[in-house]
Amino acid sequence: MRAVLCSKFEGADALELGEVPEPVPAADEVLIEVHAAAVSFMDKLMAEGGYQLRPELPYVPGTDAAGIVLQVGSEVTDFKPGDRVVGQMWHGSYAERAVTKHWKCAKVPESVDLTVASTVLHNYMTAYHALAQRCALQPGENLLVTGATGGVGLAAVDMGRMLGARVLAGTGDAAKMSALQEAGADAVVNMREGDLRQQIQDLTDGKGLDVCFEMIGGDTFVKIARSMRWGGRITPIGFVSGEIPNLPMNLPLLKGFSVVGVFEGAWAEKFPSEAKDAADKIMNWIAEGELRPLIDRVLKLEDASEAFRSLNEREVIGRIVLQI
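Residues numbered from 1 in each chain as written. Predicted model: local features only at pLDDT ≥ 70, side-chain atom pairs only at ≥ 80, totals over all residues. Heavy atoms only, no water.

1. Section: the overall build of the protein chain
Across its full length, the protein chain holds eleven helices and 15 strands. Against the 2.2 N^0.38 benchmark of 20 Å for 324 residues, the protein chain shows a C-alpha radius of gyration of 19 Å, consistent with a compact globule. Here the C-alpha coordinates of the protein chain stretch approximately 55 × 40 × 35 Å along the principal axes. Looking at the protein chain as a whole, 56% of its 324 residues are labelled buried. Looking at the protein chain as shown, the accessible area adds up to about 13,500 Å², and 48% of this sits on carbon and sulfur atoms. Of the side chains in the protein chain, 31 bear a positive and 44 a negative charge, and the two mean positions are spaced by 5 Å. (Helix = DSSP H or I, 4+ residues; strand = E, 2+ residues; numbered from the N terminus. Rg over C-alpha atoms; globule rule 2.2 N^0.38 Å. Buried < 20%, exposed > 50% of the residue type's maximum accessible area, 1.4 Å probe, protein only. Areas by Shrake-Rupley, 256 points an atom, 1.4 Å probe, with all protein chains shown as cover. Lys, Arg positive; Asp, Glu negative; His and termini not counted. Charge placed at Lys NZ, Arg CZ, Asp CG, Glu CD.)

If you want it as structure tokens, here you go:
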């Protein structure tokens with residue numbers, strides 16, 4: 001079968017279209033005929049060797065796949081051949097066929113296009129686990145999402161809006177600010193121009209942040225930590241800056257806020273029934289129009305390198321999807 005292969009940890013330059021054996025589902029897995037595979041920053045980072053998981057080379061990148069179930073393992077009772085599904089995996093979705101654990105799948109309602117469905121699990125499961133579960137975001141609270149124009153960031157903006165928070169969306173690209181407001185942000189924070197702490201003070205009437213969904217890391221994380229209000233929750237989601245922050249621990253002590261760890265992939269592995277319920281809930285919200293995933297563009301499978309380069313140049317708002 002056709003698949004994108006990463007032969008070296010060199011990102012876009014190491015991707016090539018090739019032929020690999022069709023995967024065979026284990027007893028607790030489903031085999032999916034992939035119609036669409038979303039492209040994530042995590043995919044790009046893994047292909048560069050910068051992610052905490054390093055697959056054995058060569059490997060097929062891709063964390064999300066939507067399509068039709070072709071075969072199920074002997075222990076799988078919740079899916080059958082012919083079902084429309086979306087599945088999440090550590091890698092393997094940039095291919096004509098992919099396998100994943102049945103509890104990392106969700107059925108796709110007929111009203112939801114498979115291209116849209118492919119963008120959901122990695123993005124929205126991270127946003128849901130972080131905001132609804134780990135940070136217990138409440139209606140009316142001030143939420144800041146940094147790196148908000150990426151797929152995970154936009155999902156957090158969308159999820160925060162649906163949960164009733166007042167959403168502040170952070171971006172360093174002035175040209176993307178209107179897109180964030182269209183996605184449901186109540187206000188936009190310019191992460192590159194002006195005083196970040198002053199912007200947060202002005203936009204929260206001096207109260208500070210209740211929750212921060214923080215994607216950038218480095219000095220940005222520390223600056224935002226100084227803008228948290230008493231009882232606030234800041235969660236390190238990623239480190240797009242390439243720098244893991246060093247937080248002075250007197251800040252959470254004196255300001256009474258919490259640093260909340262979020263690792264959605266590990267949570268899904270440890271608590272599969274919870275993760276499956278969350279995935280089904282999210283797909284239903286999308287079918288009902290409560291959540292609105294944004295697709296930047298749709299490319300062919302052989303254009304995976306182009307997708308990675310667009311991510312690297314920060315040209316993407318939402319998700320790129322590879323259509324197979």
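2. Observations regarding the packing of aromatic side chains
The final tally for this structure, using the stated rule, is four aromatic pairs. Between R54 and the ring centre of F9, over which it is positioned, the NZ or CZ distance is 4.7 Å. (Phe/Tyr/Trp six-rings, centres within 6.5 Å; stacked < 30°, edge-to-face > 60°. Lys NZ or Arg CZ within 6 Å of the ring centre and 35° of its normal.)

3. Focus on the environment of K107
Following the sequence through the fold, K107 ends up in strand β7 (residues 105–107). Given a relative accessible area of 43%, K107 falls into the partly exposed group. Between the C-alpha atom of K107 and that of R166, which follows or precedes it by 59 residues, the distance is 31 Å.

4. A short note on the nonpolar core
Counting 52 residues, the largest nonpolar core has L143, M159, F213 and I282 as its most contacted members. When near neighbours in sequence (up to four residues on either side) are disregarded, M159 contacts Y124, A127, Y128, L131, W285 and L291. Core analysis: the next-biggest nonpolar cluster, separate from the first, contains 32 residues, A37, A95, F308 and I320 among them. (Core = buried A, V, L, I, M, F, W, Y, C linked by side-chain atoms within 4.5 Å. Contact = heavy atoms within 4.5 Å.)

5. Focus on the sheet that holds strand β12 (residues 228–236)
An order of β10-β9-β8-β11-β12-β13 is seen for the six strands of this open sheet, with the pairing classed as parallel. Either end of the sheet is taken by a strand with one partner, and the two such strands are β10 (187–190) and β13 (258–259). Across five bridges, the pairing between strand β11 (residues 209–214) and β12 is parallel. Across the sheet, the residue bridging to C212 is I234, located in β12. Sitting on the sheet, helix α3 (residues 121–134) is in contact with β8 (142–145) and β11, with an inclination near 150 degrees to β11. Helix-sheet contacts for helix α6 (residues 196–203) involve β8, β9 (166–171), β10 and β11, and the interaxial angle to β10 is about 165 degrees. (Pairing = 2+ DSSP bridges. Axes fitted to C-alpha atoms, helices over the stretch in contact; angles between N-to-C directions.)

6. A closer look at α3
Burial of α3 is extensive: eleven of the 14 residues sit out of reach of the surface. Among all positions of α3, only L121, H122, N123, Y124, M125, T126, A127, Y128, H129, A130 and L131 are buried. Taken from the residues just after α3, A136 is the one with a positive phi, measuring 45 degrees.

7. Here we look at the pattern of salt bridges
Pairing between side chains of opposite charge can happen when the charged atoms of each approach one another. Throughout the structure, instances matching the rule amount to 17 salt bridges. We note a salt bridge from K101 to E29, for which the minimum N-O separation is 3.6 Å. With K101 in strand β6 (residues 97–101) and E29 in strand β3 (residues 29–39), this pair connects stretches of sequence that are 72 residues apart. The partner of E141 in a salt bridge is R233, with the nearest N and O atoms 2.9 Å apart. On the criterion of sequence distance, the pair formed by E141 in the loop between α3 and β8 and R233 in strand β12 is long-range, its members being 92 residues apart. Both residues of the pair, E141 and R233, belong to the buried class. (Salt bridge = Lys/Arg side-chain N within 4 Å of Asp/Glu carboxyl O.)

8. A few points about the side chain of N123
Checked against the element boundaries, N123 lands in helix α3. Of note is the side chain of N123, whose polar atom sits 3.0 Å from the backbone oxygen of T119. In terms of polar contacts, N123 uses its side chain to reach the side chain of R319, at 2.3 Å. Once you skip the residues sitting within four places of it in the chain, N123 turns out to touch G151, V152, A155 and R319. (Polar contact = N/O pair within 3.5 Å; in protein donor to acceptor, adjacent residues only side chain to side chain.)

Purely geometric stuff here, so don't read any function into it on its own.
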